[in-house]
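Structure at a glance
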Amino acid sequence: MNTLFIGQNRVELVTVNSTNNYALELAKTGRIADGTLVWAHEQTAGRGQRGNGWQSSPDLNITLSIILRPELDAYKQFYLTKAVSLGVKEFVEDLIGNSSEVRVKWPNDIYVGDKKIAGILIENILRGEQINTTVIGIGLNVNQCGFSADLKNVISLKLITGKTYDIKTGIDTLCEHIEPRYLQLKTNKHNLLDADYHKNLYRLDKLCEYEKDGTLFKATLIGVNGQGKLLLKLEKGETLSCDFKEVGFL
Ligand code: BTN
């Protein structure tokens, strides 16, 4: 595998409640190599964003967590979201080619067309004003073709290309895509990450429907602000900045 540190040290688990839980505990025990990857064949209580769960059939998909020591000022934490989302997006593009549009649905879901192929759960451990440790959890649908009825709008690599993928090889390739984006963050290429994240946003510049506080409205997604809040331009011209839990895409 062609990386400097991401995924060079690995923990492979047959089954675990959540690789993020395992990685967070591992990180707290002290010395653990930067870029250590924890992956599991099966998660029994995978966690998603907003307190949701993450469902993934055993051995069919990528469920992993990467432990990083970014030493990043906490106010810049959205750059981790930008860097990792772009890395995962580029991995998906690499595997499916240009057949469909791959986008980042704010803040960090990866979409192919209008369907979700991957989710990211970033959990930070702060020391003072700095992010000392971050655990990047990634769930990516690879070979799964049937999903439970309550999961709408999901897709996998196999559903797109018809091919079956080797999970270990997929993990290697994913690391190879995430590392260069993470190194851009480490070397302060903020403008590049800003520009690439912006231009790859799902629904960018399109008038679509959203929900906030029980109200439905139409707006144009125009980007994110410095704190990573979503910027929606309303039809009357006013711009709304929304926190993660405040807004729903319809
Ligand atoms: C989301 O879209 O809600 C984020 C999903 C993140 C799922 C991954 S699977 C590996 C890691 N371990 C977890 O418990 N969650 C993340």
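Residues numbered from 1 in each chain as written. Predicted model: local features only at pLDDT ≥ 70, side-chain atom pairs only at ≥ 80, totals over all residues. Heavy atoms only, no water.

Topic: the overall build of the protein
Scanning the protein from N- to C-terminus turns up 5 helices and 13 strands. Here the C-alpha atoms of the protein give a radius of gyration of 18 Å, agreeing with the 18 Å that 2.2 N^0.38 yields for 250 residues. Principal-axis analysis of the C-alpha atoms gives the protein an extent of 55 × 45 × 30 Å. Expressed as a percentage of its 250 residues, the buried residues of the protein come to 52%. Within the protein, counting contacts between residues at least 6 apart in sequence, those at least 24 apart form 63% of the total. (Helix = DSSP H or I, 4+ residues; strand = E, 2+ residues; numbered from the N terminus. Rg over C-alpha atoms; globule rule 2.2 N^0.38 Å. Buried < 20%, exposed > 50% of the residue type's maximum accessible area, 1.4 Å probe, protein only. Contact = heavy atoms within 4.5 Å.)

Let's talk about unusual backbone geometry
That bond from W106 to P107 is cis: its omega, 0°, falls within 30 degrees of zero. Unusually for a residue other than glycine, D205 sits at a positive phi of about 65°. Of note, D205 is situated in the loop between α5 (190–199) and β9 (207–212). For D213, which is not glycine, the phi torsion reads 50° and is therefore positive.

Comments concerning the layout of surface pockets
Here the largest pocket is characterised by a volume of approximately 930 Å³. What lines the largest pocket is a set of 43 residues, among which N52, W54, D109, Y111 and K116 lie closest to the centre. Broken down by secondary-structure element, the contributors of at least two residues to the lining of the largest pocket are α1 (19–28), β3 (62–68), β6 (109–112), β7 (115–127), β8 (130–140) and β13 (247–249). Here the lining of the largest pocket takes 5 residues from β7, the largest share from any one element. For the lining of the largest pocket, the class distribution of residues is 17 nonpolar, 17 polar and 9 charged. Surrounding the second largest pocket, 23 residues form its lining, Q77, F78, T81, P107 and F244 being those nearest its centre. Listing elements by their share of the lining of the second largest pocket, those giving two or more residues are α2 (78–96) and β7. It is β7 that provides the largest number of residues to the lining of the second largest pocket, a total of 4 residues. Class assignment for the residues of the lining of the second largest pocket results in 10 nonpolar, 8 polar and 5 charged. (1 Å grid on protein atoms, 1.4 Å probe; cavity = no way out; pocket = protein on both sides within 12 Å on 5 of 7 lines; lining within 4 Å. Points joined across faces, edges and corners; volume = space filled by probe spheres on them. Nonpolar A, V, L, I, M, F, W, Y, C, P; charged D, E, K, R; others polar.)

Digging into α2
Between its first and last C-alpha atoms α2 spans 27 Å; for 19 residues at 1.5 Å apiece the expected length is 27 Å, and the two agree. Where burial is concerned, most of α2 is hidden: 15 out of the 19 residues are buried. One or two positions beyond α2, positive phi appears at G97, with a value near 75°. (Expected span 1.5 Å × (residues − 1).)

Points about the site of the ligand
Taken together, 20 residues form the shell around the ligand, and within it S18, Q43, R47, Q49 and K116 come nearest. Within the side chain of T19, one N or O atom sits 3.0 Å away from a nitrogen atom of the ligand. At a separation of 2.7 Å, an oxygen atom of the ligand approaches a polar backbone atom of Q49. When the free accessible area of the ligand is taken as 410 Å², the share hidden by the protein chains comes to 97%. At the level of secondary structure, the elements contributing two or more residues to the shell around the ligand comprise α1, β3, β7 and β8. For the shell around the ligand, the class distribution of residues is 5 nonpolar, 12 polar and 3 charged. (Near = heavy atom within 4 Å. Polar contact = N/O pair within 3.5 Å; in protein donor to acceptor, adjacent residues only side chain to side chain. Areas by Shrake-Rupley, 256 points an atom, 1.4 Å probe, with all protein chains shown as cover.)

Some remarks on the side chain of K105
Along the chain, K105 falls in strand β5 (residues 102–105). Of the side chains bearing the opposite charge, D109 lies closest to the buried K105, which forms no salt bridge; the N-O distance is 4.2 Å. Ignoring any residue separated from it by four or fewer positions in sequence, one finds K105 in contact with Y111, Y202 and F249. (Lys, Arg positive; Asp, Glu negative; His and termini not counted. Salt bridge = Lys/Arg side-chain N within 4 Å of Asp/Glu carboxyl O.)

Quick notes on the pattern of salt bridges
Evaluated as defined, the whole model comprises 14 salt bridges. For D172, the salt bridge goes to R10, with nearest N and O atoms at 2.6 Å. One end of the pair, D172, is in helix α4 (residues 167–186); the other, R10, is in strand β1 (residues 10–16), with 162 residues separating them in the sequence. Residue classification places D172 among the partly exposed residues on the basis of a relative accessible area of 23%. Residue class for R10 comes out partly exposed when judged on its relative accessible area of 29%.

As for the packing of α2 against α5
In the contact formed by α2 and α5, the axes pass within 10 Å of each other and the chain directions differ by 60°. It follows that α2 is oblique to α5 by the angle criterion. The crossing of α2 and α5 is left-handed. Of the residues in α5, those touching α2 at F78, Y79, K82, A83, S85 and L86 are H190, L193, D194, D196 and Y197. Each residue belonging to the contact of α2 with α5 can be placed in one class, and the counts come to 6 nonpolar, 2 polar and 3 charged. (Axes fitted to C-alpha atoms, helices over the stretch in contact; angles between N-to-C directions. Parallel < 35°, antiparallel > 145°, perpendicular 65-115°, else oblique. Left-handed = near helix turned anticlockwise from the far one by under 90°.)

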